[in-house]
Amino acid sequence: MNLPQFEFIQPRSVEETCDLLKKHGEEATLLAGGTALIVYLRYRLKKPKVVIGLKGLTGLNYLSQQKEGLTIGSMVTLETLERSPMIFHGYPPLNSAIQQIAVPPVRNQATLGGNICLENRCIFYNQSEFWRKTQGPCLRLGGGVCYAVEKGKRCQAVYSGDLAPLLIALNAKVKILSAQRERTLPLADFFTGRGEKPNILNQDELLTEIQIPLTEPGVGYAYEKLRVREGMEFPMAGVAVRIKRGENGTIEQIKIVLGAVGTAPIEVTKASDLLVGQKFDDKILEEFSNQAMEAARPVGNQIMNSEYRRKMVGVLTKRALRRAWAMTEKRESS
Amino acid sequence: MIRFILNGREIEVEVPPHWTLLRLLRERLELKGTKEGCGIGECGACTVLLDGMPVNSCLVLAPKVEGRRVETIEGIGNKESLHPLQKSFIEFGAVQCGFCTPGVLMSAKSLLERNPHPTREEIKEAISGNLCRCTGYQQIIEAIEAVVNHLKRETI
């Protein structure tokens, strides 16, 4: 199946890109690595008149360690991040999360910005035009029916990015640019929770930078992913955790963020209520795990059964917490 | 009109903006060694090297290769002088139906160029983007390992 026709423009600067976005409005789509967009074009899920290729924006291809933490340009490829000694040594769990995304040929093209801006996925939507014709348009395509949730009135397509949950757990921020203004906000506020429009980017805006603060001493973090096979797979569930060790081996802070079990990454806010000088033991792990399962919102729109995915959120939460806690021990002794 | 280096030779070719690199290779340049499998970046049959790194050519817009280096299966060897990986694949029975073979070879070649002494795990990771429905992968991994061992002997 060939791609539909479009005009392809490759701007040289962020300013030029913003002007193009403003000029073409709804008719334009941004192409970063292309590993997601090309499939949407092929499936005719997107039919832009103009595709704006961002590869020429060399100004967005940087990775630097500052006093406050890491700043990463949105056009850095996942492969570059994977090979970066700065991330391998400074943020090992981030390195391991990146390695779990898709497969090497995809990571060689895909960018960090593109990964964060992934469209939400649903087995009744992410299909070829031919496949979709057999059932008629779903909610997201302007039809009146949701095929995933009986009598569903809003699109529940799943946010399936692997990195956003971990970056949210690490309190990352994103910088967004348009022809008129620049804004920086917590990545947690970047997501809308709407299946058909997962992030807050306006038509004329561009995600330009991701900022990851330094982790304090005593902090450990981890990401665990559920998938059908080891490569080339979106998460069926993902759990990112960040934990801080306090005095006498107690837990001082905790943050649990779930991915791929809802329309946006979900922070398990009740988890921190459980702390007050709690020791890290099996009992508290069980409670965190239960809170995570309760916060998850899986529906039957992935190839794995939704109740299984919910149960696995509990399992992954324990695994991630154990790994993160072990990291705090290592860091304390070093 | 785009210009790029294809298998070591600079070429200039006219291509519509909505064509993928895969379509350009197969339909305009008549290089049919690169296969189209799924067309959505999942199977790896269309793997080629872009500046030495494996990419799914079905996911790369042709205009994006302007000024860059593209290598396809046609560039790595021919009937008279096969690439060591190609010889090894024949020897180990790593080719059955053959549809995935060009893609696997490109992934393997790129790996060995960047890392001449990979471990078995590194080999598996490098070809993880290439689906093979015939061999069960063992013969492919063994064929690549044999080339690695040969390279090791040569350097000692």
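A quick note: this is a predicted structure, and the numbers were derived from the prediction, not measured.

Enquirer: Report on the nonpolar core, specifying residues and quantitative values.
Expert: Residues and elements named next belong to chain A. Of all hydrophobic cores here, the largest spans 44 residues; its most connected members are L167 and I212. Ranked by the residues each element gives to this core, the list is headed by helix α9 (residues 163–169), at six residues. In terms of domain composition, this core takes at least three residues from each of domain 1 (59–117 + 158–213) and domain 2 (219–333). Not counting residues within four places of it along the chain, the set of residues in contact with L167 comprises L94, L112, I116, A172, L187, I210 and I212. Core analysis: the second largest hydrophobic core is formed by 30 residues, M236, I256, L321 and A324 among them.

Enquirer: Give me the lowdown on the interface of chain A and chain B, citing residues and values where you can.
Expert: Taken together, the contact between chain A and chain B spans 29 residues of the former and 27 residues of the latter. Between chain A and chain B, the buried area comes to about 2400 Å², and carbon and sulfur atoms account for 58% of it. When the buried area of chain A at its contact with chain B is split by residue, R42, P105 and Q109 of chain A rank highest and sum to 22% of it. Where chain A touches chain B, the interface holds two salt bridges. R42 of chain A is the salt-bridge partner of E36 of chain B, the closest N and O atoms lying 3.6 Å from each other. Counting every contact that joins chain A to chain B gives seven residue pairs in polar contact (both at pLDDT 80 or more). Taken together, the elements giving at least two residues each to the side of chain A that touches chain B come down to α2 (37–42), α3 (78–83) and α6 (104–107) of chain A. The element contributing the most residues to the side of chain A that touches chain B is α6 of chain A, with four residues.

Enquirer: I'd love a proper account of the domain arrangement of chain B, names of residues and values included.
Expert: All names here are of chain B. Domain boundaries in chain B define domain 1 (2–75) and domain 2 (84–155). For domain 1 and domain 2, the distance between their C-alpha centres works out to 21 Å. Across the contact, 17 residues belong to domain 1 and 14 residues belong to domain 2. Between domain 1 and domain 2, roughly 1200 Å² of surface is buried when both sides are summed, and carbon and sulfur atoms account for 63% of that area. Ranking the residues of domain 1 by area buried against domain 2 places T47, L49 and I73 at the top, with a combined share of 35%. At the junction of domain 1 and domain 2, the tally comes to one salt bridge. E71 is paired through a salt bridge with K109; the nearest N and O atoms lie 2.5 Å apart.

Enquirer: I'd like a rundown of the state of the cysteines, residues and numbers included.
Expert: Within the structure shown, the criterion is met by zero disulfides over all chains. No disulfide involves C117 of chain A; its nearest neighbouring cysteine sulfur is the one of C18 of chain A, lying 13 Å away. Here C46 of chain B is not cross-linked by a disulfide; its sulfur's nearest cysteine counterpart is in C58 of chain B, at 3.8 Å.

Quick notes on the rules
Residues numbered from 1 in each chain as written. Chains lettered and ligands numbered in written order. Predicted model: local features only at pLDDT ≥ 70, side-chain atom pairs only at ≥ 80, totals over all residues. Heavy atoms only, no water. Core = buried A, V, L, I, M, F, W, Y, C linked by side-chain atoms within 4.5 Å. Buried < 20%, exposed > 50% of the residue type's maximum accessible area, 1.4 Å probe, protein only. Helix = DSSP H or I, 4+ residues; strand = E, 2+ residues; numbered from the N terminus. Domains from an automatic or database assignment. Contact = heavy atoms within 4.5 Å. Buried area = accessible area lost by both parts, 1.4 Å probe. Salt bridge = Lys/Arg side-chain N within 4 Å of Asp/Glu carboxyl O. Polar contact = N/O pair within 3.5 Å; in protein donor to acceptor, adjacent residues only side chain to side chain. Disulfide = S-S within 2.5 Å.

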